[in-house]
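Below are the chains, spelled out letter by letter.
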Amino acid sequence: MKQEPPRDGEPINLKQLAAILQLSQTTVSLVLNNSPSAKSIPARTRERVLQAARKYHYRPNYFARSLRKNRSMSIGVMAPDLSEGYFTMVMNGVEEYLMRAQYFYFTASHYWNQDLMVEYPRMLAERAVDGFLLLNTPSEIRSPLPTVAVSAHNNSPGVTNIVLDHLKGAELALRHLYDLGHRKIAFVKGPNIIPDTEYRWRSILEVARQLNIKVQADHCIQLDADSWSPGVGYEPMRDLLARARDFTAIFCFNDISAIGVIRAIYDAGLKVPEDISVIGFDDIMSAAYHKPSLTTVRQPLRDMGREGVQILLDMIANPDKQFPEEIMMQPELIIRESTGIAAALRSKRRA
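Calculation notes
Residues numbered from 1 in each chain as written. Predicted model: local features only at pLDDT ≥ 70, side-chain atom pairs only at ≥ 80, totals over all residues. Heavy atoms only, no water. Salt bridge = Lys/Arg side-chain N within 4 Å of Asp/Glu carboxyl O. Helix = DSSP H or I, 4+ residues; strand = E, 2+ residues; numbered from the N terminus. Buried < 20%, exposed > 50% of the residue type's maximum accessible area, 1.4 Å probe, protein only. Pairing = 2+ DSSP bridges. Axes fitted to C-alpha atoms, helices over the stretch in contact; angles between N-to-C directions. Core = buried A, V, L, I, M, F, W, Y, C linked by side-chain atoms within 4.5 Å. Contact = heavy atoms within 4.5 Å.

Engineer: How would you sum up the pattern of salt bridges? Please name residues and give values.
Structural biologist: If you walk through the whole model with that rule in mind, you get 16 salt bridges. Residue Glu96 is joined to Arg100 by a salt bridge in which the shortest nitrogen-to-oxygen separation is 3.2 Å. Of the two residues, Glu96 and Arg100 are both situated in helix α5 (residues 86-100); the distance of four residues between them amounts to about one turn of the helix. Relative accessible area serves as the criterion here: at 32%, Glu96 is assigned to the partly exposed category. We note a salt bridge from Asp267 to Arg263, for which the minimum N-O separation is 3.0 Å. Linking Asp267 with Arg263, this pair stays in helix α10 (residues 255-267), spanning four residues, or about one helical turn. Several salt bridges converge on common partners, so that one network encompasses Glu96, Arg100, Asp303 and Arg306.

Engineer: Outline the pairing of strand β3 (residues 132-135), listing residues and values.
Structural biologist: In summary, the side chains of a regular strand alternate between the two faces of the sheet. Side chains of β3 alternate between two faces, with Phe132 and Leu134 and Leu133 and Leu135 buried alike. As judged from the three bridges shared by strand β1 (residues 74-79) and β3, these two strands associate in the parallel manner. When the bridges of β3 are listed, Val77 appears paired with Leu133. Bridge count for β3 against strand β4 (residues 147-150) is four bridges, and the pairing is parallel. Within β4, the residue paired with Leu134 across the bridge is Ala149.

Engineer: How would you explain the sheet that holds strand β11 (residues 326-329) if you had to name every residue and give the values?
Structural biologist: With parallel pairing, six strands are arranged side by side in an open sheet as β2-β1-β3-β4-β5-β11. The open sheet is flanked by β2 (104-109) and β11, the only strands paired with a single partner. Mean inter-strand twist for the sheet, computed between neighbouring axes without regard to direction, equals 20°. Direction of pairing for β1 relative to β2: parallel, over a ladder of six bridges. Within the sheet, the bridge partner assigned to Ile75 lies in β2 and is Tyr105.

Engineer: Before we move on, could you go through the nonpolar core and cite the residues and values that matter?
Structural biologist: Counting residues in each nonpolar core, the largest one holds 57 residues, and the members touching the most others are Ile75, Leu133, Leu135, Met237, Ile250, Ile265 and Val278. Not counting residues within four places of it along the chain, the set of residues in contact with Met237 comprises Ile221, Phe247, Ile250, Val261, Ala264, Ile265 and Ile276. Residues Leu177, Phe187, Ala249 and Phe281 belong to the second largest nonpolar core, which totals 19 residues.

Pasting the structure below:
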């Protein structure tokens, strides 16, 4: 007996759609899931299935599919927040890969709240996610679920870490300033709560030692908080300029703080790069459009997001496969308008 079409707007399931088309459920399923086996089905039949699915608002049975595959086809993504800058660009890479893989994701922003870092993994696991992707989140998650950490330096067993080569990043930035004649350099150190902070700072100290650049404590700014606002760099730089101006360049923890630093320099009656060169870190989307455009150490943020989620889905699909504890990504120096030849060197060249 032929199945009657549903009422207008009412969704339809696989069994009903197959009955309307008078085809087997297997045939319809192969076409709708774009299975390789669907190539053996006549093109006219495939098109008829797809047209009927659109016409009758076919809705796949998510729970039945999950039971068949023993997966929810979703992952949990944890991050401090999803503000403009670092996280936006990492998530671009994550989302791009997940869409191609037809995976869904839940995002949970913990805002550095330790209780949420413990609670959210449990809540996400209760929602049957297949694995965790931790972005800049130091939480030591001990879960049987596959886990990949991006810029989190997570030491939990079985976790694969996607990290940046911070020593290379420090070398690119400081060598650039050194070659421009800068010897007295100020520094903006990241907040202690961010996992990358100590790794990058140790790298800076190592490269500075190699170049014989003295890192003076009174020329260093410690950011107190992670923030999406350039104000995170503006106020500390304003205070630094109020007590010292005998430096010709400043290396900032990230681009967001560098933009605030530049504004503080101009508000103090100085110019960038004529008086003080400024170099950032990350290469966020707005860095190239700031005035002056920002010289920065580019983290391959989209690639880090894509790499992280690609490995995570591989872990989910191949639970017996061995994965590396760490994958190191390489930075790149992007030279723009905010760095220039040190004033002392300019004077020598004019002479």
